[in-house]
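Now for the letters of each chain:
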Amino acid sequence: QVQLVESGGGSVQAGGSLKLSCGAGKYAYSMNRIGWFRQVPGKEREGVAYTGGSSTYYADSVKGRFTISQNIAKNTVYLQMNNLKPEDTAMYYCAARRSSGGSWSDPADFHYWGQGTQVTVSS
């Protein structure tokens, strides 16, 4: 199984920014069709952003604040998070799907995952 690697999480005050990174680590895997998800205890894993096939998608809750991007040379995908709010606090996961299809925001349609990186936003 391919394991992705996330980094960049941390603790910030409301209104602050963080930039998350996701790569394939030791695996020879091209970072295509990548989604960012987040989850808090007791709630469903939520699709945050997605990039694939020149398309990007965002959850309504993060539109205008989060930006997904990639560095092809580094085979790395990023999630720039600005104007963070306490409700953004969650474990953030990077995931990849082998082909397009299904819903970009449905975790069941993704095949490879990272271990997660914690984002905590204080008020």
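Higher on the page you've got the structure.
Below is a short write-up of the structure. (Residues numbered from 1 in each chain as written. Predicted model: local features only at pLDDT ≥ 70, side-chain atom pairs only at ≥ 80, totals over all residues. Heavy atoms only, no water.)

This part is about the sheet that holds strand β3 (residues 18-23). Reading across the sheet, the 4 strands line up as β1-β3-β8-β7 and stay open at both edges, with antiparallel pairing between neighbours. In the strand order of this sheet, the two ends are held by β1 (5-7) and β7 (66-71), each with one partner. The sheet shows a mean angle of 20° between the axes of neighbouring strands, taken without regard to direction. Relative to strand β8 (residues 76-81), β3 is paired through 6 bridges, and the arrangement is antiparallel. Looking across to β8, one finds that S21 is bridged to Y78. (Pairing = 2+ DSSP bridges. Helix = DSSP H or I, 4+ residues; strand = E, 2+ residues; numbered from the N terminus. Axes fitted to C-alpha atoms, helices over the stretch in contact; angles between N-to-C directions.)

With respect to the helices and strands, R65 occurs in the loop between β6 (55-58) and β7. If sequence neighbours within four positions are ignored, R65 has contacts with Q80, M81, N82, N83, L84, K85 and D88. (Contact = heavy atoms within 4.5 Å.)

Counting buried residues along strand β4 (residues 34-39), 5 of its 6 residues qualify, which places the element largely inside the surrounding structure. The sheet contact formed by β4 and strand β5 (residues 46-52) spans 5 bridges and is antiparallel. Residue pairing across strands places W36 opposite A49, the latter belonging to β5. Note: β4 against strand β9 (residues 90-96), 6 bridges, orientation antiparallel. Its bridge partner being in β9, R38 is matched across the sheet by Y92. (Buried < 20%, exposed > 50% of the residue type's maximum accessible area, 1.4 Å probe, protein only.)

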